[in-house]
Amino acid sequence: MPRIDWRLVLKGFAGFVVGVALWAFLTPVYDRLIAASAEKVLRTFEKPPVTRLRPQDDNHTTVDREDFDRRSKQRPAIPIRDLTFNIALLTALFAASRRTFSDRNMGGFVLAVLLLALTHVLGTVAEVMSIYVAKLGMWSTVNYSSIERNVWGVLNHFYRLVLMYAIAFALWWIFRDPGTAAPAAAGKKKKRR
């Protein structure tokens, strides 16, 4: 059984703490950026474009449509921060490298974060669409088929339960510094010829 390298464990834990701190501190600004980007994506595919995502002070983003009844004061809201906390996992994975601050590792981390932000936009789109297809009563039933309701509902749940974590691991695996991996023969004696 391989020995645990406690330095890597501690570096990973420190990276996780830093990731959580950054996520918590930057969430208000980051949520606004994700909401604006997701709104543009949604409006691009709507005919006519009617969706408005309005970030609120309570860390929720209100989902509004121009065709909603103006007399109704209730609007669905989503917590975008629930869709973005996988940045802490990604930070921990890159921090647990043997050479955390190498150019290759840091460059890979930056690329991974940019792609992760793109998945946050798509996750927000899936969240909004899951509201449209299933949570607006008769309006949802009239405007979306059962296939659309199932696809968007499953996609939203799949993102929240599996993809959030899988994406962080995949981005780390793709962009990590392969030179920092433990040698395959570590701990084994070289065979003599």
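Residues numbered from 1 in each chain as written. Predicted model: local features only at pLDDT ≥ 70, side-chain atom pairs only at ≥ 80, totals over all residues. Heavy atoms only, no water.

### Details of the confidence of the model for the chain
The predicted coordinates of low-pLDDT regions are not to be read in fine detail. Rule in force here: A residue's pLDDT is the confidence the predictor assigns to it, expressed on a 0 to 100 scale. Pairs of residues are marked as contacts when any of their non-hydrogen atoms sit within 4.5 Å.
Per-residue confidence for the chain averages 89 on the pLDDT scale, and 93% of its residues sit at or above 70. When the criterion is pLDDT under 50, residues 182-187 qualifies, and its contacts beyond four places in sequence or with other chains add up to one contact.

### Looking at a nonpolar patch on the surface
Defined as follows: Grouping into patches uses exposed residues only, defined as over 30% relative accessible area, and leaves out salt-bridged ones; the cut-off is 9 Å for like charges and 5 Å for nonpolar side chains (Val, Leu, Ile, Met, Phe, Trp, Tyr). In this description, accessible areas are obtained by the Shrake-Rupley approach with a 1.4 Å probe, and a residue is regarded as covered only by the protein chains that are shown. Note on definitions: salt bridges are taken to be side-chain nitrogens of Lys or Arg within 4 Å of carboxyl oxygens of Asp or Glu. The cut-offs for exposure are 20% and 50% of the maximum accessible area for each residue type, with area from a 1.4 Å probe on protein chains only; residues under the lower value are buried, those over the upper are exposed, and the others partly exposed.
A grouping of Phe13, Phe16, Val17 and Val20 is seen on the molecular surface, where their side chains present a nonpolar patch of about 350 Å² in accessible area. On the basis of relative accessible area, Phe13 is assigned to the exposed category, the value being 55%.

### Section: helix H3 (residues 86-95)
To keep things clear, this is the line we draw: Each helix is a run of H or I in the DSSP string that is no shorter than four residues. Each strand is a run of E no shorter than two, and both are numbered from the N terminus.
Taking burial as the measure, the ten residues of H3 include nine buried ones, the bulk of the element. For H3, every residue scored as buried is listed here: Asn86, Ile87, Ala88, Leu90, Thr91, Ala92, Leu93, Phe94 and Ala95. Check the buried side of H3 and you find it contacts helix H1 (6-45), helix H2 (81-84), helix H4 (103-134) and helix H6 (146-175).

### Re the nonpolar core
Test applied: Here the nonpolar core consists of buried residues drawn from Ala, Val, Leu, Ile, Met, Phe, Trp, Tyr and Cys, with membership extended through side-chain atoms lying within 4.5 Å.
Within the largest apolar cluster, 16 residues are counted, with the highest numbers of intra-cluster contacts made by Leu42, Leu53, Val63, Ile78, Val128, Met129 and Tyr132. Looking at this core, the elements with two or more residues in it are H1 and H4. It is H4 that contributes the most residues to this core, seven residues altogether. Excluding its chain neighbours within four sequence positions, the residues that come into contact with Val63 are Arg52, Leu53, Phe68, Arg75, Pro76, Ala77, Ile78, Val128, Ile131 and Tyr132. With twelve residues, the next largest nonpolar core counts Leu90, Leu116, Met164 and Leu171 among its residues.

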